[in-house]
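A look at the structure
For reference, the chains in residue letters:
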Amino acid sequence: MPGFVDCHIHAPQVAQIGLGLDMPLLDWLNTYTFPLEAKYADQKFAQKTYAKVVENTIKAGTTLASYFGTNHKESTLILAKEALRQGQRALIGKVCSNQNSPEFYVETTDKSIASTEEFVKDIQKLETDLVKPTITPRFALSCTKELMAKLGEIAHKNDLHIQSHISENLSEIDFVKSLYNTSYAEAYDNAGLLTPKTVMAHAVHLDDEEITLFGKRGTSVAHCPASNNMLSSGLCDVLRLIKNGIKVGLGTDVSGGNSMSIQDAILRALDVSHHLEFVKKQEIKGSGRLEVQDQAYQPLNYKQAIFLATLGGAEALALSNITGNFAIGKYFDALIVDTSNYPLHNYNASNDNKSPDLILLEMIQKFIYVGDDRNILRVFVAGNQIKN
Ligand code: GUN
Ligand code: FE
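All residue numbers here refer to positions counted from 1 along the written sequence of the relevant chain. Whichever chain is written first becomes A and whichever ligand is written first becomes 1, with later ones labelled in order. Only residues with pLDDT of at least 70 get local features here, since the model is predicted, and only at 80 or more are side-chain atom pairs given and counted; chain-wide, interface and lining totals rely on the full set of residues. Working from all heavy atoms in the structure, the side-chain values ignore hydrogens and water.

An unreviewed UniProt entry lists the protein under the name Guanine deaminase, with Bactrocera dorsalis as the source organism. UniProt positions are given in the numbering used here, feature names are shortened, and annotations may be inferred rather than shown by experiment. Checking UniProt for the protein, the heading Pathway (unreviewed entry) contains the comment "Purine metabolism; guanine degradation; xanthine from guanine: step 1/1."

Quick look at the structure:
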């Protein structure tokens, strides 16, 4: 099958995966995440961690990842070189943040801009199609208007990919609105940061006008169900986004998310969609407790979720011209999945007079619903085997 696309993962946070998931977003950032990311000033630490991150995401079947690094240009370049060395397709961003961050992990505006420009040049010097730079304001809260506008300019001048976070958590949204005096989406749009090459993580609480703006700009969403659960951010209605013409992919959002696997993200996205169905169909008892009622709500199905994990993700990252499925002319970015052993335990479906199409569909269901990375025997990117 086509390889998995992870539209949103923080490589440095893999060092704390599974830890500190007992707080909402802003406390979680200040207590656990900023102190960890500050450690990537140490390039030896970065080298050791990033080699493992790329190895483990490949093991989980990720052939294309959109990575956040840290504020540090040098360490983030190490991440880019690791993806290239191990043969993974990757978009990589040096993170930018010049306000509302602890003094041990904040940049000046000038430093943030200069090191972003240097980072873009450094990646271009690698002379590869596999790894590309991404303009990465951490989120509107941690960047001034001035920095955001400058990052928008750099992206436009060089036709670069852009990634950030939007509308993840209600306290965060209130804070951003008070800083910018606009909607969260307009804060990015006014800086020229909503483009067809932009992917925004979360988008849990976007209002109708913001969704319309995303549609107009061709901007995509990385749906990160594990993280939205773990940090109690909310239930993202991805079908609402898709119905409004927005491209959606899946993200693990490690380490807000607790799993590096996009196959796991498929299941978590299905869970969230079923939970939304329950909420929307619940009877209003007494005094109209629920505002959004929709008795006709149909949850995401597994085929749609697999699409989000593969071609949908490639579209969201504006790379579906080269990857995401097996259309002629694209690179062979693929997984060889073996369902003949675990979890089938040698159950041989072909004995039941089923059509080849049904057998294939059942193999895929078994892998997605019950299997794991033990079923992924080989991983290919651009025709090169990168895991065996
Ligand atoms: N918003 C700003 N930074 C982060 C981060 O590292 N993780 C998540 N989930 N949201 C963020
Ligand atoms: Fe994130």
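Read on for the rest.
**Re the domain arrangement of the protein**
For the domain bounds, the source is a domain assignment made automatically or taken from a database. We note that the domain assignment places domain 1 (4-316) and domain 2 (338-387) within the protein. Throughout, a contact is declared for two residues whenever any of their heavy atoms are within 4.5 Å. With 18 residues of domain 1 at the contact, the number on the domain 2 side is 16 residues. Both sides of the domain 1 and domain 2 interface together cover about 1,400 Å² of buried area, and 69% of this is carbon and sulfur. Considering only the surface of domain 1 that becomes buried against domain 2, K59, Q263 and Y302 emerge as the three largest contributors, covering 39% of it. Salt bridge criterion: a side-chain nitrogen from Lys or Arg within 4 Å of a carboxyl oxygen from Asp or Glu. Taken together, the links from domain 1 to domain 2 amount to 1 salt bridge. The salt bridge partner of D373 is K59, with a shortest N-O separation of 3.5 Å. We define a polar contact as two N or O atoms separated by no more than 3.5 Å, with the added condition that, inside protein, one atom must be a possible hydrogen donor and the other a possible acceptor, whereas residues neighbouring each other in sequence contribute only through side-chain atom pairs. If you look at where domain 1 meets domain 2, you find 5 residue pairs in polar contact (both at pLDDT 80 or more). By the criteria applied, helices consist of DSSP H or I runs no shorter than four residues and strands consist of E runs no shorter than two, each listed in order from the N terminus. At the level of secondary structure, the elements contributing two or more residues to the side of domain 1 that touches domain 2 comprise α2 (43-59), α11 (262-281) and α12 (302-309). Considering every element that reaches the side of domain 1 that touches domain 2, the biggest residue donor is α11, with 4 residues. Buried area adds together the accessible area that both of two parts lose upon being put together, with accessible area traced by a 1.4 Å probe.

**A word on the coordination of the iron ion (ligand 2)**
Every protein donor of the iron ion (ligand 2) is listed here as H8 (NE2), H10 (NE2), H165 (NE2) and D253 (OD), and their distances to the metal cover 2.0 to 2.2 Å. Around the iron ion (ligand 2), the 4 donor atoms sit at angles spanning 91 to 172 degrees, and that spread fits a shape best called irregular. Donor residues binding the iron ion (ligand 2) come from one chain and are separated in sequence as H-x1-H-x154-H-x87-D. With a gap of 155 residues between them, H10 in strand β1 (residues 4-10) and H165 in strand β6 (residues 161-166) connect regions that are remote in the sequence. For the pair H10 and H165, a shared accessibility class is recorded, and that class is buried. Because no water is among the atoms considered, metal sites can look incomplete, with donors defined as N, O and S atoms within 2.8 Å of the metal, or 3.2 Å for Na, K and Ca. Note on geometry labels: four donors, all angles 85 to 135 degrees, give tetrahedral; four donors become square planar and six octahedral when opposite donors are over 155 degrees apart and every other angle is between 65 and 115; remaining cases are irregular. Three exposure classes are used, based on accessible area relative to the maximum for each residue type with a 1.4 Å probe and protein chains only: buried under 20%, partly exposed in between, and exposed over 50%.

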